[in-house]
Amino acid sequence: DSGVTQTPKHLITATGQRVTLRCSPRSGDLSVYWYQQSLDQGLQFLIQYYNGEERAKGNILERFSAQQFPDLHSELNLSSLELGDSALYFCASSVEKGSSGAWEELFFGEGSRLTVL
Amino acid sequence: GENVEQHPSTLSVQEGDSAVIKCTYSDSASNYFPWYKQELGKGPQLIIDIRSNVGEKKDQRIAVTLNKTAKHFSLHITETQPEDSAVYFCAASSTSGTYKYIFGTGTRLKVLA
């Protein structure tokens, strides 16, 4: 158990709909990362938050948004869903040591599998 | 932008043989190179990492090598066992870059008993 909790584990919805994925990081971790993993694909970096603020942005679509709340949990919002958005969405957390950029292990949750029909 | 290429995409080896997975990165500012193992139905988990001031690191049956000049790094697994079967991801990170972690496309390793 990595200590990172993601809900829901599975989600089936229709095109055009909106869903919210939730992530609770490990206790004490300030950074949260979101990754998308499509079938037989690698881990595509979407976005990173540090202590409530957006830190880095990857290949995140405009239809997607995220935020990190004061209690450090994070939510990824996916709207106007398309068939191609079907994927496994991972959240990861790490201890962030600030601008000095200490290298830190990412701890991944077990993912939220989204199926868009 | 930053990019990490990983080869091969699939690899089958006989139990007891060695497996080698190679990665190439593009951002010369990258200075941290972790490897993650993803078992079926689970999230990736760190198995070993190497920093730019080190050329090689070993942990039991697993070793990583880094060639900063060529921007290559590799994962070596010796005496493979069936439980080594999984998807392996390399990643590159820079303390001064835009992204914290850029992952390779993954290698599906099958160890045949």
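Overview of the structure. (Residues numbered from 1 in each chain as written. Chains lettered and ligands numbered in written order. Predicted model: local features only at pLDDT ≥ 70, side-chain atom pairs only at ≥ 80, totals over all residues. Heavy atoms only, no water.)

What follows deals with the nonpolar core. Core analysis: the largest hydrophobic core is formed by 24 residues, its most contacted members being W35, F73, L75 and L109 of chain B. Elements with a minimum of two residues in this core: β2 (10–14), β3 (19–25), β4 (32–38), β5 (45–51), β7 (62–67), β8 (72–77), β9 (86–92) and β11 (107–112) of chain B. The residues touching L75 of chain B, leaving out its near neighbours within four places in the chain, are A19, V20, I21, W35, I47, I48, I62, A63, V64 and Y88 of chain B. Core analysis: the next-biggest nonpolar cluster, separate from the first, contains 21 residues, C23, W34, L76 and F107 of chain A among them. (Core = buried A, V, L, I, M, F, W, Y, C linked by side-chain atoms within 4.5 Å. Buried < 20%, exposed > 50% of the residue type's maximum accessible area, 1.4 Å probe, protein only. Helix = DSSP H or I, 4+ residues; strand = E, 2+ residues; numbered from the N terminus. Contact = heavy atoms within 4.5 Å.)

Residue and element names in this part refer to chain A. Its location among the elements puts Q6 in strand β1 (residues 5–7). There is a polar contact of 3.0 Å between the side chain of Q6 and the backbone nitrogen of C91. Sequence-distant contacts of Q6, defined by excluding residues within four places in its chain, comprise R22, W34, Y89, F90, C91, G109, E110, G111 and S112. (Polar contact = N/O pair within 3.5 Å; in protein donor to acceptor, adjacent residues only side chain to side chain.)

On to the sheet that holds β8 of chain B, then. Residue and element names in this part refer to chain B. Ordered by their spatial adjacency, 5 strands build an open sheet running β1-β3-β8-β7-β6, and the pairing between neighbours is antiparallel. Of all strands in the sheet, those with a lone pairing partner are β1 (4–7) and β6 (56–59), marking the two edges. On average, each strand axis in the sheet is inclined to that of its neighbour by 15°, with strand direction left out of account. Strand direction decides the pairing type here: β7 and β8, joined by 6 bridges, are antiparallel. Paired with T65 across the two strands is S74, which belongs to β8. (Pairing = 2+ DSSP bridges. Axes fitted to C-alpha atoms, helices over the stretch in contact; angles between N-to-C directions.)

Moving on, we get to the side chain of S112 of chain A. All names here are of chain A. One can find S112 in strand β11 (residues 112–116). The class for S112 is buried, based on a relative accessible area of 2%. Within the structure, S112 has its side chain in polar contact with the backbone oxygen of P8 (distance 2.6 Å).

Moving on: the state of the cysteines. Applying the stated criterion across every chain, the model contains 2 disulfides over all chains. Each sulfur of the disulfide joining C23 of chain A and C91 of chain A lies 1.8 Å from the other. Taking the sign of the S-S torsion, -55° for the link of C23 of chain A and C91 of chain A, the bridge is left-handed. Separated by 68 residues along the polypeptide, C23 of chain A in strand β3 (residues 19–24) and C91 of chain A in strand β9 (residues 87–94) bring together distant segments of the chain. There is a disulfide in this structure between C23 of chain B and C90 of chain B, and the S-S distance comes to 1.9 Å. On the sign convention where negative means left-handed, the S-S torsion of about -100° between C23 of chain B and C90 of chain B marks this disulfide as left-handed. Placement of C23 of chain B in strand β3 and of C90 of chain B in strand β9 is noted, with a sequence separation of 67 residues between them. Given the relative accessible area of 0%, C90 of chain B is considered buried. (Disulfide = S-S within 2.5 Å.)

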